Amino acid sequence: PQALTAMFEILSEPFFQRALLAGLGVAVVAGPVGCFIVWRRMAYFGETMAQASLLGVALSLAVGANVTVSVLVVAVLAALMILLLSRQRVLPLDSVLGLLHHGSLAAGVIATAALAGPSVDLLGYLFGDIFAVSTTDLYWIYGGGVIVLGVLYAIWQPLLRLAVHEELAIAEG
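Basis of the calculations
- Residues numbered from 1 in each chain as written.
- Predicted model: local features only at pLDDT ≥ 70, side-chain atom pairs only at ≥ 80, totals over all residues.
- Heavy atoms only, no water.
- Helix = DSSP H or I, 4+ residues; strand = E, 2+ residues; numbered from the N terminus.
- Buried < 20%, exposed > 50% of the residue type's maximum accessible area, 1.4 Å probe, protein only.
- Areas by Shrake-Rupley, 256 points an atom, 1.4 Å probe, with all protein chains shown as cover.
- Core = buried A, V, L, I, M, F, W, Y, C linked by side-chain atoms within 4.5 Å.
- Phe/Tyr/Trp six-rings, centres within 6.5 Å; stacked < 30°, edge-to-face > 60°.
- Contact = heavy atoms within 4.5 Å.
- Axes fitted to C-alpha atoms, helices over the stretch in contact; angles between N-to-C directions.
- Left-handed = near helix turned anticlockwise from the far one by under 90°.
- pLDDT = per-residue confidence, 0-100.
- Patch = residues over 30% accessible without salt bridge, like charges linked within 9 Å, V, L, I, M, F, W, Y side chains within 5 Å.
- Salt bridge = Lys/Arg side-chain N within 4 Å of Asp/Glu carboxyl O.
- Parallel < 35°, antiparallel > 145°, perpendicular 65-115°, else oblique.
- Nonpolar A, V, L, I, M, F, W, Y, C, P; charged D, E, K, R; others polar.
- Polar contact = N/O pair within 3.5 Å; in protein donor to acceptor, adjacent residues only side chain to side chain.

Draft legend 1. View of the overall build of the protein. Scanning the protein for helices and strands turns up nine helices and zero strands. The order of helices and strands in the protein, counted from the N terminus, is α-α-α-α-α-α-α-α-α. For the protein, the residues scored as buried account for 21% of the 173 residues in total. Accessible surface computed for the protein: about 11500 Å², of which carbon and sulfur atoms make up 72%.

Draft legend 2. How the structure looks around the nonpolar core. Listed in full, the 11 residues of the largest apolar core are M42, F45, M49, A52, A75, A78, I82, L93, V96, L97 and L100. Element by element, the count of residues in this core is highest for helix α5 (residues 93-113), at four residues.

Draft legend 3. Structural detail: the packing of aromatic side chains. For the coordinates displayed, the defined rule picks out four aromatic pairs. Between F36 and W156, the ring centres sit 4.8 Å apart and the planes meet at 80°, which makes this aromatic pair edge-to-face. Separated by 120 residues along the polypeptide, F36 in helix α2 (residues 14-39) and W156 in helix α8 (residues 156-164) bring together distant segments of the chain. Through a chain of ring-to-ring contacts, the aromatic side chains of F15, F16 and F131 assemble into a single cluster.

Draft legend 4. Here's a closer look at the environment of G145. Structurally, G145 is set in helix α7 (residues 135-154). A sequence separation of 128 residues divides G145 from Q17, and the C-alpha atoms of the two residues are 18 Å apart. The residues touching G145, leaving out its near neighbours within four places in the chain, are V29 and W140.

Draft legend 5. The packing of helix α4 (residues 67-86) against α5, seen in detail. Closest axis-to-axis distance for the α4/α5 pair is 10 Å, and the angle between their directions is 145°. The way α4 lies across α5 gives a crossing that is right-handed. Counted together, M81, I82, L85 and S86 of α4 and L93, V96, L97 and L100 of α5 form the full contact between these two elements.

Draft legend 6. Geometry of the confidence of the model for the protein. Averaged over all residues, the pLDDT of the protein is 86; the fraction at 70 or higher stands at 100%. Summarising per-element confidence for the protein, the mean pLDDT is lowest in helix α6 (residues 122-127) (73) and highest in α7 (96).

Draft legend 7. Structural view of a nonpolar patch on the surface. Together, V69, L72, V73, V76, L77, L80, L83 and W140 make up an exposed nonpolar region whose accessible area comes to about 710 Å². Take the nonpolar patch: its biggest share by element is seven residues, from α4. With respect to the helices, strands and loops of the structure, L72 is situated in helix α4.

Draft legend 8. Up close: the side chain of Q51. Tracing the backbone shows Q51 in helix α3 (residues 45-63). Filtering out sequence-adjacent residues up to four positions away, Q51 remains in contact with H101, S104, L105 and L126.

Draft legend 9. Structural detail: the packing of α2 against α7. Where α2 contacts α7, the axes come no closer than 10 Å and their chain directions differ by 20°. Between α2 and α7, the interaxial angle falls into the category roughly parallel. Helix-helix and strand crossings are classified by hand; for α2 and α7 the assignment is left-handed. Contact residues: R18, L21, A22, L24, G25, V26, V28, V29, P32, V33 and F36 in α2; T135, L138, I141, Y142, G145, V148, L149 and L152 in α7. Each residue belonging to the contact of α2 with α7 can be placed in one class, and the counts come to 15 nonpolar, three polar and one charged.

Draft legend 10. Looking closely at the environment of P14. Residue position: P14 is located in helix α2. It is 9.6 Å that separates the C-alpha atoms of P14 and S134, two residues lying 120 residues apart in sequence.

Draft legend 11. Broad picture of the side chain of S53. Along the chain, S53 falls in helix α3. Among the polar contacts listed, one links the side chain of S53 to the backbone oxygen of A50, at a separation of 2.5 Å.

Following this line, the structure appears as structure tokens:
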């Protein structure tokens, strides 16, 4: 009974409810998107994007901008770079992702270390803290999730064709 009471006290805490909502929101979006990532043999994509976002953190700290906006801008630029590099035929995509992953992590660590002022908690930015999710973060998660799922719904068939057989999908237009 005492353990059950303690559990219900935790469940009633706002920080726990926000963390639960954040985890559920990310899971709902990550499921369908993750399928295409695995089917296209781009499993390293998420890790590459996460490490590239560290450059966005360094940029926001350097200029005093909003961290979320800076990370989003750098993530979009990194995704465009991956898209451009995926069209070349010299290196396989997983090798390109591996190179970008480690290169962007190194660049982010160097850029963050070069910042003047107090030291930056890189672990907090790299891994985050789900219990520190704010209401604004929930708006970002669910707003972005709705947009991503809407776009995914609109282009589901072409993406599925590309994932199953790229050459046949290109031939079909």
